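Architecture at a glance
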Protein chains: 2
Amino acid sequence: MKANPDRALADLYRLREIGRYKTGVHRPTLSPEDMETRHWLVGELQALGHQAGIDGIANVWSRAPGDGPFVLAGSHIESQNHAGWLDGALGVVYALEAARAAHQAGLGVVDVMAFADEEGHFSGGFIGSQSFAGQMTEAEIDTLTDRSGRGTLRELLAANGLADRERVQIDRSRYLAFFEAHIEQGQTLEASGNQIGVVTSIVAIWQYRLIFEGAQNHAGTTTMAIRRDAAAALQRVWNQIQTTFPDLAGPHSVWTAGNITLDPGQPSIIPGRAEMLFQFRDADQATLDRLHAHLQTLVTDEDRTGPCSARLEIISQTVPALMAKAPQAALKAAGEAIAPGKTLVMPSGAGHDAQVIAPHVPSAMMFVPSIGGISHHWSEDTADEDIKLGVQVYVDAVRRILTP
Amino acid sequence: MKANPDRALADLYRLREIGRYKTGVHRPTLSPEDMETRHWLVGELQALGHQAGIDGIANVWSRAPGDGPFVLAGSHIESQNHAGWLDGALGVVYALEAARAAHQAGLGVVDVMAFADEEGHFSGGFIGSQSFAGQMTEAEIDTLTDRSGRGTLRELLAANGLADRERVQIDRSRYLAFFEAHIEQGQTLEASGNQIGVVTSIVAIWQYRLIFEGAQNHAGTTTMAIRRDAAAALQRVWNQIQTTFPDLAGPHSVWTAGNITLDPGQPSIIPGRAEMLFQFRDADQATLDRLHAHLQTLVTDEDRTGPCSARLEIISQTVPALMAKAPQAALKAAGEAIAPGKTLVMPSGAGHDAQVIAPHVPSAMMFVPSIGGISHHWSEDTADEDIKLGVQVYVDAVRRILTP
């Protein structure tokens, strides 16, 4: 059971022509181009003898014929707006290649999924894998609207003839493992000279809104002594974060201030309200808890000692998703067999559908290098040789699970 | 020559009914309500025998009959959107009251101005006084558009029948002094138990854009070590400002971060660009120069030592406007005569039309207290007794200049 690397690369080139934008693609979920790729995938799977279709949330699903053993494989297939050609599509094509290789070898069964909207055109992302994992209600679907103004999720599902279809649910007992391949979206592989990343865990993302309330006032006539400047309070807490987090964080921790709003936001008015969106990520629960407790202390101290009120609002706190041992070991063994010394064990700093599937089926993820670490941009790219090596390792890892 | 305080208060109450909003007013420049107040003022001045009119930039101007000596008096009459009833109108009504008192007493001549758009509906403000002082070209007027979307200044002038009128220019040789009264917009008078403020100088406002450019990247997959986070660079410089300015500043200096933009402003993306609008104010040139040099050093140091580029863009740097000695002395003497021990000499932290007139005619400003220091809000207010005391002091100061 072996991959055909040139066939996989040709499939990726073909997908790049659907919704092409410069050297990347523009294929938002449920756009005509996105639907074209989904229909193409269904056709390829049916040609292998799979039952396959697009379900009521736009997931492409398939069930291969045969008695097993069974593996589930896939990723998402839509892109971010005007973004890269491999983010998502790579994992779907690798899964398709594994299904073909299994079919040709007569070695078990690989079902393929192309999840809908991992990229979050309609929400925080992952709605396809969440639906598949039984974590998406009809009421939640009712609330979802495209961020770019193309309409509600319901409207776009109806426009594509999917409104009345069932949403396919995961069959937990069927699968030995779930495999997802993806571009790394960082520079760790490239900088260390590796070609295959085997993911140990997908980090948790803890997101917060820091809110400071003081008194809006005239920036010329209000003396420094009597000001209750919400921006100044934000600055003090932000500075504490930046100077104390390095000592408290773990070796892979990252933290980011992504947005700041000063209200009313005019140069001659002292802001009466200031907000900062802040997040940190780590795969280690103890580190997450430690950073959270410290952040809460910084905000509480400012609230108690400063002239403004300060409070910490939790937007979301996901849990780290540990990858399963057996499929991880299969990826490592395949990597060492095919490209000795080029495999790195590493956490994933980005979220992926595998984190949604991991609680239900033993899951593993494999990375290929991203040139310059660039992603979510049309210039995202991976060397052809890395794409071709990756699919060989991926298919060999699936083989190792199917034939232990 | 004496004010009629009840008449002045009644005029202010009358103006409050034109465009009333809660206890304040909504009279943006060249709105129907703004024009109604201007026409009312022209009528009052003509009733005193003045030549009076509205000129090609919506300034109300007047020339009283008589051989002098001559004083110019006034302020602006439009309001900020949904703002206070006294900001501007108070100084116009005091000027009108001085003209009436001079008329009744046969003591010289008081010409009255109600400047257009001190509040900056169309720009950074002061376009009426700048036009009057010969500092506003036709080309500059071509560029001005209402911030609230009501159209261009040209369109609104035309809609009010002012497009073809001349713009009246200041006659420098005519006047002994210019007087402007205004609400303080701060808490200095209230907190010190004073009722009359005599302004020594109007602060300069130095406005900047601090611009930081790094590399936009994924907030999960980009390690802290390799980030070029523009927000982090902004934070470092902002922290330096907040911790070092107190030691460098003068006793009346104020500094304010009014707006911050992180680009793209999403919580999962490291900002590639960050901007902060920052200003400081002082009436002392040496202090202004010292703060400017220090700010430039902080930005240059970050540019040299940090991973992002940093640069300081000057938006505007006005000059401090010193008030003239003679009319200042007249205000002080009038204050001490009418309300002994209730007069405070102080700088103005806000900008006023007097700063535009000061280089052309010896100018002075008088403040009355603002309750709670509130301004630019409909709840702005001043006690009736303070309004009535203020107009008596103001008219007496004009008398002292006319009859030295």
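Residues numbered from 1 in each chain as written. Chains lettered and ligands numbered in written order. Predicted model: local features only at pLDDT ≥ 70, side-chain atom pairs only at ≥ 80, totals over all residues. Heavy atoms only, no water.

Some points on the overall build of chain A
The number of helices and strands found in chain A is 12 helices and 17 strands. Expected size for 404 residues packed as a compact globule is a radius of gyration near 22 Å; at 23 Å, chain A falls within 12% of this value. Considered along the principal axes of its C-alpha atoms, chain A spans approximately 80 × 50 × 40 Å. A buried classification covers 59% of the 404 residues belonging to chain A. Taking as baseline every contact in chain A between residues at least 6 positions apart, the subset at least 24 positions apart corresponds to 78%. By element, 50% of the accessible surface of chain A is carried by carbon and sulfur atoms, the whole surface being about 14700 Å². Taken as two groups, the 32 positive and 47 negative side-chain charges of chain A have centres that lie 2 Å from each other. (Helix = DSSP H or I, 4+ residues; strand = E, 2+ residues; numbered from the N terminus. Rg over C-alpha atoms; globule rule 2.2 N^0.38 Å. Buried < 20%, exposed > 50% of the residue type's maximum accessible area, 1.4 Å probe, protein only. Contact = heavy atoms within 4.5 Å. Areas by Shrake-Rupley, 256 points an atom, 1.4 Å probe, with all protein chains shown as cover. Lys, Arg positive; Asp, Glu negative; His and termini not counted. Charge placed at Lys NZ, Arg CZ, Asp CG, Glu CD.)

A look at the interface of chain A and chain B
Each partner contributes residues to the interface: chain A has 46 residues there, and chain B has 46 residues. Buried surface at the junction of chain A and chain B, summed over both partners, amounts to about 3700 Å²; 55% is from carbon and sulfur atoms. The largest per-residue losses of area from chain A upon contact with chain B belong to T221(A), Q235(A) and P267(A), which jointly make up 15% of the total buried on that side. The tally of links from chain A across to chain B stands at 0 salt bridges. For the interface between chain A and chain B, the tally reads 17 residue pairs in polar contact (both at pLDDT 80 or more). Elements supplying a minimum of two residues to the side of chain A that touches chain B: β10 (217–218), α8 (230–248), β11 (254–263), β12 (269–270) and β13 (273–282) of chain A. Looking at the side of chain A that touches chain B, its residues break down into 18 nonpolar, 25 polar and 3 charged. (Buried area = accessible area lost by both parts, 1.4 Å probe. Salt bridge = Lys/Arg side-chain N within 4 Å of Asp/Glu carboxyl O. Polar contact = N/O pair within 3.5 Å; in protein donor to acceptor, adjacent residues only side chain to side chain. Nonpolar A, V, L, I, M, F, W, Y, C, P; charged D, E, K, R; others polar.)

Comments concerning the packing of helix α10 (residues 325–338) of chain A against helix α12 (residues 384–402) of chain A
All names here are of chain A. Running from amino to carboxyl end, α10 crosses α12 at an angle of 130°, the nearest separation of the two axes being 8 Å. Judged by the angle between their axes, α10 and α12 are oblique. As α10 packs across α12, the resulting crossing turns out to be right-handed. Where α10 abuts α12, its residues A326, P327, A330, L331, A333, A334, G335, A337 and I338 lie against L389, Q392, V393, D396, A397, R400 and I401. Of the residues that constitute the contact of α10 with α12, the class distribution is 12 nonpolar, 2 polar and 2 charged. (Axes fitted to C-alpha atoms, helices over the stretch in contact; angles between N-to-C directions. Parallel < 35°, antiparallel > 145°, perpendicular 65-115°, else oblique. Left-handed = near helix turned anticlockwise from the far one by under 90°.)

A word on the sheet that holds strand β13 (residues 273–282) of chain B
Residues and elements named next belong to chain B. Judged by pairing direction, the sheet is antiparallel, and its 4 strands sit side by side in the order β11-β13-β9-β14 without closing on themselves. Bordering the open sheet on either side are β11 (254–263) and β14 (309–317), each of which pairs with just one other strand. Direction aside, the axes of adjacent strands within the sheet are offset by 15° on average. When strand β9 (residues 204–213) meets β13, the two strands line up antiparallel, connected through 10 bridges. Residue R209 lies in a different strand from β13, and its bridge partner there is L277. (Pairing = 2+ DSSP bridges.)

Comments concerning the pattern of salt bridges
Residues and elements named next belong to chain A. Under the criterion given, the structure shown has 46 salt bridges over all chains. Notably, a salt bridge pairs D111 with R174, separated by 2.7 Å at the nearest N-O pair. Pair noted here: D111 is in strand β6 (residues 109–115) and R174 is in the loop between α6 (153–159) and β7 (177–183), with a separation of 63 residues, a long-range link. A relative accessible area of 0% places D111 in the buried class. By relative accessible area, which is 14% here, R174 ends up buried.

Points about the relation of the copies chain A and chain B
Rotating chain A by 180° and moving it 0.1 Å along the rotation axis overlays it on chain B with an RMSD of 0.1 Å. This pairing of chains is accounted for by a two-fold axis. The overlap is high: 100% of the interface residues of chain A also sit at the interface in chain B, so the same surface is used on both sides. (Least-squares fit on C-alpha atoms with pLDDT ≥ 70 in both.)

Some remarks on the confidence of the model for chain A
The share of residues in chain A with pLDDT of 70 or more is 100%, and the mean pLDDT across the chain is 96. Note on the complex model: pTM 0.87, ipTM 0.87. (pLDDT = per-residue confidence, 0-100.)

Details of helix α2 (residues 32–47) of chain A
In a regular helix each residue adds 1.5 Å, so 16 residues correspond to 22 Å; α2(A) covers 23 Å between its end C-alpha atoms and thus fits that length. Looking at the buried positions of α2(A), the neighbouring elements they touch are α1 (5–16), β3 (51–54), β4 (60–63), α3 (89–105) and β6 of chain A. (Expected span 1.5 Å × (residues − 1).)

Let's talk about unusual backbone geometry
Cis rather than trans, the peptide bond between D263(A) and P264(A) has omega equal to 10°. Locating P264(A) in the fold gives a position in the loop between β11 and β12. The residue L30(A) is not glycine, and still its phi comes out positive at about 75°. A positive phi is found at A58(B), a non-glycine position, where the angle reads about 80°. Of note, A58(B) is situated in the loop between β3 (51–54) and β4 (60–63). Residue classification places A58(B) among the buried positions, given a relative accessible area of 0%.

Observations regarding the packing of aromatic side chains
All names here are of chain A. Applying the stated criterion across every chain yields a total of 23 aromatic pairs over all chains. A network of ring pairs unites the aromatic residues W206, Y208, F245, W255, F278 and F280 as a single cluster. The ring of W85 carries R16 above its face, with NZ or CZ at 4.0 Å from the centroid. (Phe/Tyr/Trp six-rings, centres within 6.5 Å; stacked < 30°, edge-to-face > 60°. Lys NZ or Arg CZ within 6 Å of the ring centre and 35° of its normal.)

A look at the environment of P69(A)
Residue and element names in this part refer to chain A. Structurally, the position occupied by P69 is in the loop between β4 and β5 (70–76). Along the primary structure P69 and I401 are separated by 332 residues, whereas in three dimensions their C-alpha atoms are 8.8 Å apart. Not counting the four nearest positions on each side in its chain, P69 is found in contact with G108, V109, L176 and L402.

With respect to the environment of L331(A)
All names here are of chain A. Within the secondary structure layout, L331 lies in helix α10. The class of L331 is buried, set by a relative accessible area of 0%. The spacing of L331 and L248 is 83 residues in sequence and 33 Å in space, taken between C-alpha atoms.

A word on the pairing of β13(A)
All names here are of chain A. The buried fraction of β13 amounts to 9 of the 10 residues, a majority that puts the element mostly inside the structure. In terms of strand pairing, β11 meets β13 through 9 bridges, oriented antiparallel. The residue bridging A257 from the neighbouring strand is F278, located in β13.

Here we look at the sheet that holds β13(A)
All names here are of chain A. Spatially, the 4 strands line up as an open sheet ordered β11-β13-β9-β14, and their pairing is antiparallel. This sheet does not close on itself; its edge strands, each paired only once, are β11 and β14 (309–317). Strand-to-strand, the axes of this sheet are offset by a mean angle of 15°, without reference to chain direction.

Concerning the packing of α1(A) against α12(A)
Residue and element names in this part refer to chain A. Interhelical geometry of α1 versus α12 gives an angle of 120° and a closest axis separation of 9 Å. The orientation of α1 with respect to α12, classified from their angle, is oblique. Where α1 crosses over α12, the handedness of that crossing is right-handed. Contacts between α1 and α12 involve P5, D6, A8, L9, L12 and Y13 from the first element and D384, I387, K388, V391 and Q392 from the second. For the contact of α1 with α12, the class distribution of residues is 7 nonpolar, 1 polar and 3 charged.

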